[in-house]
Protein chains: 2
Amino acid sequence: MATTEDTIAVRISKELADRIISGVIEPGSRLRQDHVAEEFGTSHVPVREAFRRLEAQGLAISEPRRGVRVAAFDLGEVREVAEMRAALEVLALRHAAPHLTPAILDRAEEATKAGDKSRDVRSWEEANRTFHRLILTPCNMPRLLSTIDDLHAASARFLFAAWRSEWETRTDQDHRAILSALRQGNTESAAATLGRHVQWIGQKPVKTASGRTRDAFAIVG
Amino acid sequence: MATTEDTIAVRISKELADRIISGVIEPGSRLRQDHVAEEFGTSHVPVREAFRRLEAQGLAISEPRRGVRVAAFDLGEVREVAEMRAALEVLALRHAAPHLTPAILDRAEEATKAGDKSRDVRSWEEANRTFHRLILTPCNMPRLLSTIDDLHAASARFLFAAWRSEWETRTDQDHRAILSALRQGNTESAAATLGRHVQWIGQKPVKTASGRTRDAFAIVG
DNA sequence: TGAGTTGAAATTATAGATAATTCCTGCAAT
DNA sequence: ATTGCAGGAATTATCTATAATTTCAACTCA
């Protein structure tokens, strides 16, 4: 990774984003600039800029003069992100479809296979993100793609929060259906399947700290 | 405006956003932190934070160690924003529809009338934004609404760039059709009209600095 | 003409000062 | 005894001032 190219603020924001997404830092916990600054061996100014970036991605919320907290989320926000992804990824796919080459679709199929073989959440999520990115990037709409990227980050966070450790391998039929429709030039069918696929919200019982079990929800597509 | 509540960085970002949107600062021109800092009577640190906010809204782009520029835009980006707005506003309207009250619809009609009577771009834009905000806010999806807000800011910028001074009053049939459909409880029809409405791209010949005329484009909905 | 170098200007980072908020402790009142 | 309210210390966010890199352009010399 070309970390030397980036500014310190960018480096810090990437590292913090990774921790928030993976759940190392819990939702609602405070991000204290002096602590972060000390950890990264810098002063607090670049840390503040990193906070602004996280805020823009929706990973943190800041209240003036009261500091920054890791954004909390509930089932409502999971649904919201799922629906926004459905709307925007369908839009992106419609524009990308004419520019999709067999080579790209082959790589997307590789990503699907990698996802099916994944034995942990983390590698599944990476494969899944690769698939979506591959078929959407050719739409050539930078603003749209960057918004979708932020939504994927949120999705990954929900996913890791629910499926902290356990993960059962499963074959992704939707991805295959989308690829097959795209190969046949049937864009509308592919878009429709993608829209449904992304809105599917998985449900899983998890044990809370108090020993009780409750349901956790996440986007699994 | 409760400017004392905000932090200095927020105040600066709002003021700069306003200037960028209204076209006072031209696309591509550099934003120099020292100059801005001097103008606002502060140091450069809050200015840098303001720049990060503008970046997140898509109004500015920053290249590491090379400064911040006002984002440029072309017809492609106008189209992109129009399509994103169509997708997201339709989504928002579907969720807002069940919560719309006659009182809200009446206020939306007032906003439409105000837009029809507007004799300059600025007040038309404000009325138009009020209309959209009124019928979408009840969807209760904060993330979606804030994304739509950023897109509206971009739209306004395109609009002001094209219709710098001249503006001809026109009655907005789409807004009326949307309201009438909503009053009859026909959400799908309202959503379809809104989707088309927002994607309509106005076209207008403008004189360039070199005396030639070319076409300018903007979202007029 | 063109490559290399120097110097001014701007961005980025550091350290320190200021102001606000939180948290704790002690006292009073119910 | 417990709740509620001050007051003050400690923590934290915000801003200013200053220093260190980096970039860009102009100028010199081959």
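Check the entry above for the structure.
None of the values given here were measured: they were computed from a predicted structure.

*Asks:* What is the right way to read helix H8 (residues 173-183) of chain A from this model?
*Replies:* Structural remark: α-helix, 3.6 residues per turn; residues separated by three or four positions point the same way. Residues and elements named next belong to chain A. Where H8 is concerned, the buried positions are His175, Ile178, Leu179, Ala181 and Leu182. End-on, the buried residues of H8 take up no more than an arc of 165 degrees, which puts them together on one face. Buried-residue contacts for H8 involve helix H4 (75-96), helix H5 (102-117), helix H6 (121-136) and helix H9 (187-199). Near the N-terminus of H8, the side chain that reaches the backbone nitrogen of Asp174, with its oxygen 3.3 Å away, is that of Asp172. Phi for Gly185, located one or two positions after H8, is positive at around 75 degrees.

*Asks:* Looking at this structure, how should I read the relation of the copies chain B and chain A?
*Replies:* Between the two copies of the chain lies a rotation about an axis combined with a shift along it. Mapping chain B onto chain A is achieved by rotating through 180 degrees and translating by 0.0 Å along the same axis, at an RMSD of 0.0 Å. Accordingly, the operation relating the two chain copies is best matched by a two-fold axis. Comparing contact sets, 100% of the residues at the interface of chain B also lie at the interface in chain A, consistent with an isologous, same-surface contact.

*Asks:* Any chance you could explain the protein's contact with DNA strand C here in plain terms?
*Replies:* Of all residues adjacent to DNA strand C, which total 20 residues, the nearest are A:His44, A:Arg66, B:Gln33, B:His44 and B:Arg48. Among atoms of DNA strand C positioned within 4 Å of the protein, sugar and phosphate together represent 70%. Interatomic distance of 2.6 Å between a side-chain N/O atom of B:Arg48 and a phosphate oxygen of DNA strand C. Between B:Arg65 and DNA strand C, the recorded distance is 2.9 Å, taken from a backbone N or O atom to a phosphate oxygen. Of all the secondary structure elements, the ones that give two or more residues to the surface near DNA strand C are helix H3 (44-57) of chain A together with strand E1 (30-31), helix H2 (33-40) and helix H3 (44-56) of chain B.

*Asks:* Which parts of the structure should I look at to understand the protein's contact with DNA strand D?
*Replies:* Taken together, 19 residues form the shell around DNA strand D, and within it A:Gln33, A:His44, A:Arg48, B:Ser43 and B:Arg66 come nearest. Close to the protein, within 4 Å, the atoms of DNA strand D are drawn from sugar and phosphate at a rate of 71%. A distance of 2.6 Å is found between a phosphate oxygen of DNA strand D and a side-chain nitrogen or oxygen belonging to A:Arg48. The set of elements that each furnish at least two residues to the surface near DNA strand D consists of strand E1 (30-31), helix H2 (33-40) and H3 of chain A together with H3 of chain B. When the residues that make up the surface near DNA strand D are grouped by side-chain class, the tally is four nonpolar, nine polar and six charged.

*Asks:* Help me out: how do you make sense of the pattern of salt bridges in this one?
*Replies:* Opposite charge on two side chains permits them to pair, given that their charged atoms come into close proximity. All names here are of chain B. Within this structure, the stated rule accounts for 32 salt bridges over all chains. The closest approach of N and O atoms between Asp106 and Arg183, which form a salt bridge, is 3.0 Å. You can see Asp106 sitting in helix H5 (residues 102-117) and its partner Arg183 sitting in helix H8 (residues 173-183), a full 77 residues away along the chain. Among the salt bridges present, the one from Asp149 reaches Arg133, with a minimum N-O distance of 3.2 Å. Of this pair, Asp149 sits in helix H7 (residues 142-162) while Arg133 sits in helix H6 (residues 121-136), placing them 16 residues apart in sequence.

*Asks:* Looking at this structure, how should I read the interface of chain B and chain A?
*Replies:* It is common to give the size of an interface as the accessible area lost on bringing the parts into contact. Across the contact, 28 residues belong to chain B and 28 residues belong to chain A. Summing both sides of the interface, chain B and chain A together bury roughly 2400 Å²; the carbon and sulfur share of this comes to 58%. On the surface where chain B and chain A come into contact, there are eight salt bridges. Residue A:Glu55 pairs with B:Arg53 through a salt bridge whose shortest N-O separation is 4.0 Å. At the junction of chain B with chain A, the criterion picks out 14 residue pairs in polar contact (both at pLDDT 80 or more). Listing elements by their share of the side of chain B that touches chain A, those giving two or more residues are H3, helix H4 (75-96) and H7 of chain B. Looking at the side of chain B that touches chain A element by element, the count peaks at nine residues for H4(B). Looking at side-chain class alone, the side of chain B that touches chain A contains 13 nonpolar, four polar and 11 charged residues.

*Asks:* Can you help me understand the packing of H6(B) against H7(B) in this one?
*Replies:* When two helices pack together, you describe them by how their axes are tilted relative to each other and by the distance separating the axes. All names here are of chain B. Orientation of H6 relative to H7, taken along the N-to-C sense of each, is 160 degrees, at an axis distance of 11 Å. The angle between the axes of H6 and H7 places the two elements in the roughly antiparallel class. Two packed elements cross with a definite hand, and for H6 against H7 that hand is right-handed. In this structure, H6 uses Val121, Arg122, Trp124, Glu125, Arg129, His132, Arg133 and Leu136 to contact H7, whose residues at the interface are Leu145, Ile148, Asp149, His152, Ala156, Leu159 and Phe160. Its residues assigned to classes, the contact of H6 with H7 shows eight nonpolar, two polar and five charged.

The rules behind the values
- Here the residue numbers are simple positions, counted from 1 along each chain's written sequence.
- Whichever chain is written first is A, and whichever ligand is written first is 1; the rest continue in order.
- With the structure being a predicted model, the display of local features is reserved for residues of pLDDT at least 70 and the display and counting of side-chain atom pairs for 80 or more, all residues being used for whole-chain, interface and lining totals.
- As a rule here, side-chain values come from all non-hydrogen atoms in the structure, and water together with hydrogens is ignored.
- With a 1.4 Å probe rolled over the protein chains alone, any residue whose accessible area is under 20% of its type maximum counts as buried; one over 50% counts as exposed, and the rest are partly exposed.
- Helical segments are the DSSP runs of H or I of at least four residues, strand segments are the runs of E of at least two, and each set is numbered from the N terminus.
- Within this analysis, the arc is defined by the directions that extend from the helix axis to the C-beta atoms.
- In what follows, residue pairs with any heavy atoms lying within 4.5 Å of each other are defined as contacts.
- Distance and chemistry together define a polar contact, namely a pair of N or O atoms within 3.5 Å, with one atom able to donate a hydrogen and the other to accept it when in protein, and with adjacent residues in sequence counting only for side-chain atoms on both sides.
- When the copies are overlaid, the least-squares fit takes in C-alpha atoms only where the residue has pLDDT of at least 70 in both copies.
- Whether a residue is near a molecule or strand is decided by its heavy atoms; if any one of them lies within 4 Å of it, the residue is near.
- Side-chain classes are defined by residue name, with Ala, Val, Leu, Ile, Met, Phe, Trp, Tyr, Cys and Pro counting as nonpolar, Asp, Glu, Lys and Arg as charged, and the others, Gly among them, as polar.
- By salt bridge we mean one thing: a side-chain nitrogen of Lys or Arg within 4 Å of a carboxyl oxygen of Asp or Glu.
- Buried area is a sum: the accessible area each of two parts loses on coming together, probed at 1.4 Å, counted once for each and added.
- Structural elements are reduced to axes, namely lines fitted to C-alpha atoms, with helices fitted over the stretch in contact, and the angle between N-to-C directions of any two is expressed from 0 to 180 degrees.
- Between 65 and 115 degrees an angle is taken as roughly perpendicular, under 35 as roughly parallel, over 145 as roughly antiparallel, and anywhere else as oblique.
- If you view the pair so one helix is near and one far, a crossing is left-handed when the near helix is turned anticlockwise from the far one by less than a right angle, and right-handed when it is turned clockwise.

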